[in-house]
Amino acid sequence: AFPLWLSADPELMYGGWHWIAAFEIAAILAFVAIFARSRAWRLSAAGLLCCPILGALVVLVAEPVFEYRAYVMGLGVALTAGTLCDAAWRRWGTVALASSSIAVLALSLMTMHRNDLWKHPIPLWEDAHAKSPTKKRPVLNLSAQYLLTGRKLAAENILLESLKVHPGFRAAHVNLAAVYIERGD
């Protein structure tokens, strides 16, 4: 589902080539932020250092996708976007204004779609499960929501599917027992 890669339970993989790349990018941006002659380049590099994408790659945070953390790092995105828009306005004028307006409209539509998805728990956890089918938390939360809304068969199916992948998953066994108790089995 859209927006891509945004999930209530993100896949976090520590180590590997993307960590090395993230540190290299951070080092380059820090160098530019300190030594660039242009004020716009320094501000842009400093802003990108605070960017949530880079922060999610570099900082060891359990759940970097959640918005309360993205708001803090979003200051870097705002600073960078403002600097780039100012530079584009000076160079291209109304073309830059039109491009910026289109980008703001597209991001606004993406935000509205995301808010609709995250408004209700079942679509939220269905989306998280679709994006990370082997993760345990989306299975537990989705099965619990199915059970709360009376969809016992759906809860049972998703729990049995999860137990095929993770046979020792105790919480799934507990939720499956709750499904059987609700059904009277």
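What comes next concerns the included structure. (Residues numbered from 1 in each chain as written. Predicted model: local features only at pLDDT ≥ 70, side-chain atom pairs only at ≥ 80, totals over all residues. Heavy atoms only, no water.)

Scanning the chain for helices and strands turns up nine helices and zero strands. Within the chain, the proportion of its 185 residues that are buried is 30%. Counting only contacts in the chain whose residues sit at least 6 apart along the sequence, the fraction spanning at least 24 positions is 57%. For the chain, the accessible area works out to roughly 12,000 Å², and carbon and sulfur atoms hold 69% of it. (Helix = DSSP H or I, 4+ residues; strand = E, 2+ residues; numbered from the N terminus. Buried < 20%, exposed > 50% of the residue type's maximum accessible area, 1.4 Å probe, protein only. Contact = heavy atoms within 4.5 Å. Areas by Shrake-Rupley, 256 points an atom, 1.4 Å probe, with all protein chains shown as cover.)

Moving on, we get to helix H2 (residues 39-49). Looking only at H2, the buried set comprises Ser44, Ala45 and Gly47. For H2, the angular spread of buried residues about the axis comes to 160 degrees, placing them on one side. (Arc of directions from axis to C-beta.)

Because an α-helix completes one turn every 3.6 residues, residues spaced three or four positions apart along the sequence face the same direction. With 13 residues, helix H7 (residues 136-148) extends 19 Å between its outermost C-alpha atoms, agreeing within 8% with the 18 Å of an ideal straight helix rising 1.5 Å per residue. Residues of H7 that are buried include every one of Pro138, Val139, Leu140, Leu142, Ser143 and Tyr146, and no others. Elements in contact with the buried residues of H7: helix H6 (121-131), helix H8 (152-165) and helix H9 (170-183). One or two residues past the end of H7 sits Gly150, with phi positive at roughly 85 degrees. (Expected span 1.5 Å × (residues − 1).)

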